[in-house]
2 protein chains.
Amino acid sequence: MRAVVIRRGESRPTLANVPRPTPGAGEALLRTLRVGIDGTDHEVIQNNHGGFPSGDDYQILGHEAVAVVEDANGTALKAGELVVPTVRRPPETNKYFERGEPDMAPDGQYVERGIVGAHGYMSEFFTSSPEFLVSVPDSFAEYGFLVEPISNSEKALEHALAARSAFEWEPESALVLGNGPLGLLTLAMLETPSSPFQRTYCLGRRDRPDPTIDIIERLGGTYVDSRETSVEAMADAHEAVDFVYEATGYAKHAFETVDALAPNGVGALLGIPGDWEFEIDGGRLHREMVLQNKMLFGSVNSNVRQFEMAKKRLAAFPDWFVDDIITGVYTPEETDAAFEKNTDGIKTVVVFDTR
Amino acid sequence: MRAVVIRRGESRPTLANVPRPTPGAGEALLRTLRVGIDGTDHEVIQNNHGGFPSGDDYQILGHEAVAVVEDANGTALKAGELVVPTVRRPPETNKYFERGEPDMAPDGQYVERGIVGAHGYMSEFFTSSPEFLVSVPDSFAEYGFLVEPISNSEKALEHALAARSAFEWEPESALVLGNGPLGLLTLAMLETPSSPFQRTYCLGRRDRPDPTIDIIERLGGTYVDSRETSVEAMADAHEAVDFVYEATGYAKHAFETVDALAPNGVGALLGIPGDWEFEIDGGRLHREMVLQNKMLFGSVNSNVRQFEMAKKRLAAFPDWFVDDIITGVYTPEETDAAFEKNTDGIKTVVVFDTR
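Calculation notes
- Residues numbered from 1 in each chain as written.
- Chains lettered and ligands numbered in written order.
- Predicted model: local features only at pLDDT ≥ 70, side-chain atom pairs only at ≥ 80, totals over all residues.
- Heavy atoms only, no water.
- Helix = DSSP H or I, 4+ residues; strand = E, 2+ residues; numbered from the N terminus.
- Buried < 20%, exposed > 50% of the residue type's maximum accessible area, 1.4 Å probe, protein only.
- Contact = heavy atoms within 4.5 Å.
- Lys, Arg positive; Asp, Glu negative; His and termini not counted.
- Charge placed at Lys NZ, Arg CZ, Asp CG, Glu CD.
- Phe/Tyr/Trp six-rings, centres within 6.5 Å; stacked < 30°, edge-to-face > 60°.
- Lys NZ or Arg CZ within 6 Å of the ring centre and 35° of its normal.
- Pairing = 2+ DSSP bridges.
- UniProt positions renumbered as here; feature names shortened; annotations may be inferred.
- Patch = residues over 30% accessible without salt bridge, like charges linked within 9 Å, V, L, I, M, F, W, Y side chains within 5 Å.
- Areas by Shrake-Rupley, 256 points an atom, 1.4 Å probe, with all protein chains shown as cover.
- Salt bridge = Lys/Arg side-chain N within 4 Å of Asp/Glu carboxyl O.
- Least-squares fit on C-alpha atoms with pLDDT ≥ 70 in both.
- Arc of directions from axis to C-beta.
- Polar contact = N/O pair within 3.5 Å; in protein donor to acceptor, adjacent residues only side chain to side chain.
- 1 Å grid on protein atoms, 1.4 Å probe; cavity = no way out; pocket = protein on both sides within 12 Å on 5 of 7 lines; lining within 4 Å.
- Points joined across faces, edges and corners; volume = space filled by probe spheres on them.
- Nonpolar A, V, L, I, M, F, W, Y, C, P; charged D, E, K, R; others polar.

1. A few points about the overall build of chain A
Looking only at helices and strands, chain A has eleven helices and 20 strands in total. Summarising its shape, the C-alpha atoms of chain A cover approximately 55 × 45 × 40 Å along the three principal directions. Residue burial in chain A is summarised as follows: out of 355 residues, 61% are buried. Sequence-distant contacts in chain A: of pairs separated by 6 or more residues, those separated by 24 or more amount to 73%. Within chain A, one finds 32 positive and 56 negative side-chain charges whose respective centroids are separated by 2 Å.

Okay, structure coming up:
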């Protein structure tokens, strides 16, 4: 079958012909419809890491997918059903997976499909145990792969709300750092009717006219140009915000977030920067966190419950939004173009099949 | 009446004769028994801040007190009843005080008795509305002033547990940074039977033999000498811990805490450092927080509910512990000696009266 892979020693993904997987006992065979590409895929490619699935010299890419049950293989799934797979899998069973919280498993207690230690979904077929598949409605065939990135933001928001549950927190304003696909999906999440936020901001560094700025404003958010207003200056230029969601992977943003937060506010960090030494006024930041009860936390991955939340959220997004953020639709044969870093595009997807 | 005050422009506290306060409507008159001294008092003295109570050129010190109701003045209190006062008061009423959460009020929405904008308790008498007084048993006459510092740690622990409530957190180990009075009180708190921690550590920089090291070990904790084992090296030297409580005010500790934490761990910052610029590997710390779901938060002050928790906690402390940490007992006439920074001593208290 066709699969988009990164081979050991190579720095660009290629379309390969690999064996079609055979479902083991308790596993279903899935036929892939669409697979999204995100920043993590580019990191996997650039780092050409050693985390290839054991025994293989290549890794099938892709961790954001929507697929059809091709062969239920005796599981409770139904052939023809639409599903979205989660990302983490247990190398061997452990308490985090038993609890349904693989997102909280530490290093070494998980592999990640398409990222580290396991093949991804960017192939005509893949196999999975049903416990790692979330059923989605037929209407999700074109954009269901967005459930995965949204689920990461659902986790971050869930943890932020829990983190401030020891007192009466009344969050009103939120700032999303980054206007890439994850930033825009998160802004849309924060703008749905069930969100607690009345005012949202989204930071980027693009000139008008720009489609991401149009999306930010159409969602109801305020665009903040980081070249004019730094994260630290946010409170003066607009307002100190109750919630910051960092999706830039720019390490200074993590620390500048303390200044952007209102008293009792919380910042969620989701970017994954490389090493970078720089100077901070650590005394001032420490003091500010204490005297104003501020909080910072890191959040990675997501679990089935958060996928279910993301599924509901995605269904509540305006139709125009999903259409507007999917700007690149490619076939597997167009792998080179799909993985080109196009600064004008927003979200890219590789289409293997249609419903 | 006698009062220990800091006068405008002076850098040492003195015993003064000030007018005895008259309780207003709805206020009781309290006769002070004992008032503890802590690091905040020394900061108030050193900074000789401009936050004197309006109209006065001096501030009565002290925010850790135990007192007797001298005149209930029509309130529901009973004359002779023992109480511990909380610290924050509303400049004018606001939602934080209405909710019983003055500890979450931002700058400008509170004054603090003995700290900023209001007289403290280091005088023969003080007045207070009953809503800011916590009733304590008669047995608390000698050490009830410890309820205030413990309540700050109760708040930090309560917020830490809430902050990790979105998943199944199983904390086992805790590290207290600082073996001053607050550090030791916190270690005792973490060692009570209702605490979730099986293993505790306390960081200091003292040579054996030393009374604080004896206390740490008698409580069941492990002493960590920061000159041999840095906070960053904690994981290698002992173990990565689930909870870090910072009570040193040493800003680098705030950032080194990320390395001391186990995956999914949380660090509470309570120290209040001055400005201090230094270099960090911000990229690595940011990435570590994200990939291991780590969290840092600042915590200040405490509310009546947390005073009540501290009251129960104090009653559960071993008797020897309270005796061992109160190492300096002074009369108001010995103000100079009481405020001398004695590195051998642990907790100092000024005694105005006995039960």
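2. Section: the packing of aromatic side chains
Per the stated rule, a full pass over the model turns up 19 aromatic pairs over all chains. When the ring of A:Phe197 is compared with that of A:Phe243, the centres are 5.6 Å apart and the planes differ by 15°; the resulting orientation is stacked. Of this pair, A:Phe197 sits in the loop between α4 (181-190) and β13 (199-204) while A:Phe243 sits in strand β15 (residues 241-246), and the two are 46 residues apart along the sequence. Over the ring of A:Tyr110 we find A:Arg88, and its NZ or CZ is 3.5 Å from the ring centre. B:Arg20 extends its terminal NZ or CZ atom over the ring of B:Phe125, reaching a point 3.9 Å from the ring centre.

3. So, the sheet that holds strand β8 (residues 111-113) of chain B
The pairing of strands in a sheet comes from backbone hydrogen bonds and takes either a parallel or an antiparallel form. Residue and element names in this part refer to chain B. In spatial order, the strands read β7-β8-β9; together these three strands make up an open sheet with mixed pairing. This sheet does not close on itself; its edge strands, each paired only once, are β7 (88-89) and β9 (117-118). Sheet topology note: the β7/β8 ladder contains two bridges and is antiparallel. The partner of Arg88 across the bridge, within β8, is Glu112.

4. So, the UniProt feature "binding site: NADP(+)" (unreviewed entry) in chain A
Residues and elements named next belong to chain A. Annotation from UniProt places "binding site: NADP(+)" (unreviewed entry) at Asn179, Gly180, Pro181, Leu182, Arg205, Arg206, Leu270, Gly271, Ile272, Ser299, Val300 and Asn301. The greatest C-alpha distance among the residues just named is 28.0 Å, and with 123 residues of sequence between them they are spread in space as well. Mapped onto the elements of the fold, Asn179 is located in the loop between β12 (173-177) and α4. Each residue touching Asn179, except ones within four places of it in the same chain, is listed here: Leu184, Cys202, Leu203, Gly204, Arg205, Arg206, Thr212, Ile216 and Tyr223.

5. A look at the pairing of strand β15 (residues 241-246) of chain B
All names here are of chain B. Of all the six residues making up β15, six are buried; the element is thus mostly covered by neighbouring parts of the structure. When strand β12 (residues 173-177) meets β15, the two strands line up parallel, connected through four bridges. Paired with Leu175 across the two strands is Val244, which belongs to β15. In the sheet, β15 pairs with strand β16 (residues 261-269) via five bridges, with the strands oriented parallel. Each bridged residue has a counterpart across the sheet, and for Glu246 the counterpart in β16 is Leu269.

6. As for a negative patch on the surface
All names here are of chain A. Residues Glu142, Asp214, Asp319, Asp323 and Asp324 make up a contiguous surface patch of negative charge. The element contributing the most residues to the negative patch is helix α10 (residues 319-325), with three residues. Note on placement: Asp214 falls in helix α5 (residues 211-219).

7. A closer look at the relation of the copies chain B and chain A
Expressed as a screw transformation, the operator carrying chain B onto chain A has a rotation angle of 180° and an axial translation of 0.0 Å, and the superposed copies differ by an RMSD of 0.0 Å. The two molecules are tied by a two-fold rotation axis, judged by turn and shift. Identified as the residue of chain B closest to the rotation axis by C-alpha distance is B:Ala163, at 1.7 Å. A high fraction, 100%, of the interface residues of chain B reappear at the interface in chain A, so the copies pair face to face through one surface.

8. Structural notes on helix α1 (residues 39-47) of chain A
All names here are of chain A. For α1, the full list of buried residues reads Asp41, His42, Val44 and Ile45. Angular distribution of buried residues about the axis of α1 spans 155°; they occupy a single face of the element. Exposed residues pointing more than 90 degrees away from the buried face of α1 are listed as Gln46 and Asn47. Looking at the buried side of α1, the elements it contacts are β1 (2-7), β3 (28-37) and β4 (58-60). At the N-terminal boundary of α1, the capping side chain belongs to Asp38, with an oxygen 2.9 Å from the backbone nitrogen of Thr40.

9. Some thoughts on unusual backbone geometry
A:Arg208 connects to A:Pro209 through a cis peptide bond whose omega is -5°. Despite not being glycine, B:Asn73 shows a phi value in the positive range, around 55°. Tracing the backbone shows B:Asn73 in the loop between β5 (64-71) and β6 (82-85). The phi angle at B:Asn301 is positive, at roughly 60°, despite the residue not being glycine. When you line up the elements, B:Asn301 lands in the loop between β18 (295-298) and α9 (304-316).

10. Examining the environment of A:Thr354
Residue and element names in this part refer to chain A. Relative to the assigned elements, Thr354 resides in the segment after β20 (347-351). Of the residues examined, Thr354 reaches a relative accessible area of 59% and is grouped as exposed. Separated by 13 residues in sequence, Thr354 and Lys341 place their C-alpha atoms 25 Å apart. With sequence-adjacent residues up to four places away left out, Thr354 is seen in contact with Arg31 and Leu33.

11. What about empty space enclosed by the protein?
For the structure on display, the rule yields one cavity of 30 Å³ or more. The computed volume of the largest cavity comes to approximately 70 Å³. Contributing to the lining of the largest cavity are A:Phe255, A:Val258, A:Leu285, A:Met289, A:Leu296, B:Phe255, B:Val258, B:Leu285, B:Met289 and B:Leu296. Every element with two or more residues in the lining of the largest cavity is listed here: α7 (251-260) and α8 (282-291) of chain A together with α7 (251-260) and α8 (282-291) of chain B. Looking at the lining of the largest cavity, its residues break down into ten nonpolar, no polar and no charged.

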